[in-house]
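Breakdown of the fold
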Amino acid sequence: MDEARVLRAAKQQLETAKLMGVDFTPISEAALGASGGSPGRAKQEKAKALAELRTEHDATCPHCTVVTGHTQTVFGEGAPDAALMFIGEAPGAEEDRTGKPFVGRSGQLLEQMLKAMGLSREEVYIANVLKSRPPNNATPTSDEMAKCAPFLSRQVAIIEPAVIVTLGKPAAQWILGSREAMGKLRGVWHEYEGVPVMPTFHPAYLLRAYTPENRRLVWSDLQQAMKRLRPA
Ligand code: URA
């Protein structure tokens, strides 16, 4: 390891300990790059396919074209060929205002988690099961998800991530077609359309219950995802 990498690793160790309240476990350098995904379609092709899907979604989604109360849809953002994709529940107020996923308080914590992993938002892809803000921030119903989520499936098919991390119960349950509780689903590998899925707690839950134990569990889930992306 050269000096710069040693320094970077030491800095990350400090940040991780500070943010997650856990010991740092080194991950390989550049655990994933934007091009770390499949060698399939080129990045530009994927960006174009995502832009087309977004246009189609905004014009035809049976959920988002009918519900009212949101100011704009929040399609998702990040590297079109990301190896790591995060899937949350639905946009909140700040996401609705900006059109970007995970930019409110939960988003700030997600960014800290990414930082602890040695990653940035630009290196991963972040999306939600529902692409418009539910009135009163209500938890998405299965009917709403059934209407909007086929677009998420197509998003996943375009991005071809190597690993998906779901954030919170609605995303985990929808992706896995399960009714199990988070306590049972998280921390264990599952699969969606051939892609390994690691469910973990939603950052909003972590903010409500910011205990050392919950932080340790989330960090352990994220570490499993990193290991899967780049086995040592
Ligand atoms: N919570 C989510 O599930 N998604 C967002 O984009 C923001 C908050």
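These numbers come from a predicted model, not from an experiment. Residue indices follow the written sequence of each chain, beginning from 1 at its first position. Per-residue local features of the predicted model are confined to residues with pLDDT of at least 70, and side-chain atom pairs are confined, for both listing and counting, to 80 or more; whole-chain, interface and lining totals are unaffected and use all residues. Derived side-chain values reflect all non-hydrogen atoms in the structure, with water molecules and hydrogen atoms excluded from consideration.

All right, on to the nonpolar core then. A general feature of soluble globular proteins is that nonpolar side chains tend to end up buried together. Ranked by size, the top nonpolar core spans 58 residues in total, and within it Leu84, Met85, Phe86, Ile87, Met117 and Val165 carry the most contacts. Only DSSP runs of H or I covering at least 4 residues are called helices, and only runs of E covering at least 2 are called strands; the numbering of each starts at the N terminus. The element that contributes the greatest number of residues to this core is helix H5 (residues 142-159), accounting for eight residues. As used in this record, nonpolar core signifies buried Ala, Val, Leu, Ile, Met, Phe, Trp, Tyr and Cys residues forming a set joined through side-chain atoms within 4.5 Å. The rule is simple: take the accessible area with a 1.4 Å probe, protein chains only, and divide by the maximum for that residue type; under 20% is buried, over 50% is exposed, in between is partly exposed.

Helix-helix packing is characterised by the crossing angle of the two axes and by the distance between the axes. Angles here are taken between N-to-C directions and fall from 0 to 180 degrees, while the axes themselves are lines fitted to C-alpha atoms, restricted in helices to the stretch in contact. It is at 10 Å that the axes of helix H2 (residues 43-60) and H5 come closest, and there the two elements cross at 175°. Between H2 and H5, the crossing angle belongs to the class labelled roughly antiparallel. Of the residues in H5, those in contact with Lys46, Ala49, Leu50, Leu53, Glu56, His57 and Thr60 of H2 are Cys148, Phe151, Arg154, Gln155, Ile158 and Ile159. Throughout this entry, Asp, Glu, Lys and Arg are counted as charged residues, while Ala, Val, Leu, Ile, Met, Phe, Trp, Tyr, Cys and Pro are counted as nonpolar. The remaining residues, Gly among them, count as polar. Partitioned by chemical class, the residues of the contact of H2 with H5 number seven nonpolar, three polar and three charged. Here is the rule for angles: anything less than 35 degrees is roughly parallel, anything more than 145 is roughly antiparallel, 65 through 115 is roughly perpendicular, and the remaining ranges are oblique. The contact criterion used is simple: two residues touch if any of their non-hydrogen atoms lie within 4.5 Å.

Turning our attention to the pairing of strand S2 (residues 84-88). Taken across its five residues, S2 has five buried, putting it largely inside the fold. The alternating pattern of S2 places Leu84, Phe86 and Gly88 and Met85 and Ile87 on opposite faces, both of which are buried. At least two bridges found by DSSP between two strands is the condition for calling them paired. In this sheet, strand S4 (residues 163-167) lies alongside S2 in parallel orientation, the contact comprising four bridges. Bridging from a neighbouring strand, Phe86 pairs with Val165 of S4. In this structure, S2 lies alongside strand S3 (residues 125-128), joined through four bridges in parallel fashion. The residue of S3 that forms the bridge with Phe86 is Ile126.

Moving on: the pattern of salt bridges. Side chains that differ in sign of charge can pair as their charged atoms come close. When a carboxyl oxygen of Asp or Glu lies within 4 Å of a side-chain nitrogen of Lys or Arg, that pair is called a salt bridge. According to the stated counting rule, one finds ten salt bridges in the structure shown. The residue Arg121 makes a salt bridge to Glu77 at a minimum N-O spacing of 2.9 Å. One end of the pair, Arg121, is in the loop between helix H4 (105-116) and S3; the other, Glu77, is in strand S1 (residues 77-78), and 44 residues separate them in sequence. Under the relative-accessibility criterion, Arg121 is labelled buried at 11%. Residue Lys147 pairs with Asp143 through a salt bridge whose shortest N-O separation is 3.3 Å.

Everything listed here is a matter of geometry and, on its own, says nothing about what the molecule does.
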